[in-house]
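# Observations on the three-dimensional arrangement
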Amino acid sequence: MSVIVRDDLVLSHAVVTADVTAPFEHVDIEQWLKTLPTHEYQRCAPGDHKAAGYTVDDDGTPMSINVEMIGSGLVIQQYRYEVASPHYCKMVSLSDVYSPAGWTTTQVIWELGIEQLEGDQLRYVNTVTSHPTEDFLKFIIDSGQTFEDAAAARQHASGAHCEVETPHYARSIAAFANARAAEAATAAA
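This section reports on the structure supplied with the text. (Residues numbered from 1 in each chain as written. Predicted model: local features only at pLDDT ≥ 70, side-chain atom pairs only at ≥ 80, totals over all residues. Heavy atoms only, no water.)

This paragraph deals with the side chain of S95. Mapped onto the fold, S95 is located in strand β5 (residues 88-99). Exposure remark for S95: the relative accessible area of 0% places this residue in the buried category. Those residues in contact with S95 that lie beyond four places of it in its chain are V75, I76, Q77, T104, T105, T106 and V108. (Helix = DSSP H or I, 4+ residues; strand = E, 2+ residues; numbered from the N terminus. Buried < 20%, exposed > 50% of the residue type's maximum accessible area, 1.4 Å probe, protein only. Contact = heavy atoms within 4.5 Å.)

To continue, consider the environment of E163. Summarising the element assignment, E163 is placed in helix α4 (residues 147-188). Judged by its relative accessible area of 51%, E163 falls in the exposed class. Linking E163 and V15, residues 148 residues apart in sequence, is a C-alpha distance of 8.9 Å.

Summed over the entire model, instances satisfying the criterion amount to nine salt bridges. Measuring nitrogen to oxygen at the nearest pair gives 2.7 Å for the salt bridge that ties D19 to R123. Within this pair, whereas D19 is found in strand β1 (residues 12-21), its partner R123 is found in strand β7 (residues 121-132), the two being separated by 104 residues in sequence. Here D59 ties to R80 by a salt bridge, and the two come within 3.1 Å at their closest N and O atoms. You can see D59 sitting in the loop between β2 (49-56) and β3 (62-70) and its partner R80 sitting in strand β4 (residues 73-84), a full 21 residues away along the chain. Residue D59 is classed as exposed on the basis of its relative accessible area of 55%. Members of the salt-bridge network, linked through shared partners, are R6, D8 and E134. (Salt bridge = Lys/Arg side-chain N within 4 Å of Asp/Glu carboxyl O.)

What follows covers the sheet that holds β2. The seven strands lie next to each other as β1-β7-β6-β5-β4-β3-β2, forming an open sheet whose pairing is antiparallel. The strands lining the two open edges of the sheet, one partner per strand, are β1 and β2. Across the sheet, the mean angle from the axis of one strand to that of its neighbour is 20°, orientation sign disregarded. Relative to strand β6 (residues 102-118), β5 runs antiparallel, the two sharing 12 bridges. Within the sheet, the bridge partner assigned to K90 lies in β6 and is E111. Across the sheet, helix α3 (residues 134-142) touches β5, β6 and β7, and the angle it forms with β6 is around 120°. (Pairing = 2+ DSSP bridges. Axes fitted to C-alpha atoms, helices over the stretch in contact; angles between N-to-C directions.)

The hairpin turn running from β5 into β6, its antiparallel successor, is two residues long. Note: β6 against β7, 12 bridges, orientation antiparallel. Paired with G113 across the two strands is V125, which belongs to β7. In this structure, the hairpin formed by β6 and β7 is closed by a connection of two residues, where G119 is found at a positive phi of approximately 60°.

So, on to α3. Every buried residue of α3 is listed here: D135, F136, L137, F139 and I140. For α3, the secondary structure elements touched by its buried residues are β5, β6, β7 and α4. Downstream of α3 by a residue or two, G144 has a phi angle that is positive, lying close to 85°.

Here the focus is the nonpolar core. Counting residues in hydrophobic clusters, the biggest one holds 31 residues, and the most contacted among them are I29, L33, M91, W110, L112 and Y124. Among the secondary structure elements, those contributing two or more residues to this core are β1, α1 (29-34), β4, β5, β6, β7 and α4. Among the elements that make up this core, the one with the highest residue count is α4 (six residues). Residues within four places of L112 in sequence aside, it is in contact with I29, W32, L33, H87, Y88, C89, M91, Y124 and V125. By size, the runner-up hydrophobic cluster in this structure holds eight residues, among which are L11, F139, I140 and A151. (Core = buried A, V, L, I, M, F, W, Y, C linked by side-chain atoms within 4.5 Å.)

Take it as geometry only, folks, not as evidence of what the structure does.
Here it is, written out as structure tokens:
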């Protein structure tokens, strides 16, 4: 199996936003990701999200492990934190994908960002980009598909999935920020 990523090819790309209300200074996407319980992850895309966890790679790099359905594929993502901050995280995974035709791999880049619009009015930006691996390209050829057909199917499935999860992620991140703000207020009292 080749794990060479073809970043010159885009399998899918989705950018979806959702507006929420929360104190910007208490938003911490990095901490939210590191403490995201499985059941909260499941609530963010009911039926599609299966499990979430946090670990570190052999070199100590923090990792988020997510198991979810994207279309007809079960995707096991091992996201490494490339950028981790309270208002922006960039996660990159060499993901295992199980489809009706068998196992393959793709690279998934997940970017989570929050922008302050005005006061406590915030916009969550969920960006998911997928690139094929050499293994994936061989897999689709062996399955009788063209890259264009595979990319169109993945774009449709990933786009629909992001439309479901984005508003839920936004509300979950806002709830996390509001809880942190309440804790800070209690501690200050």
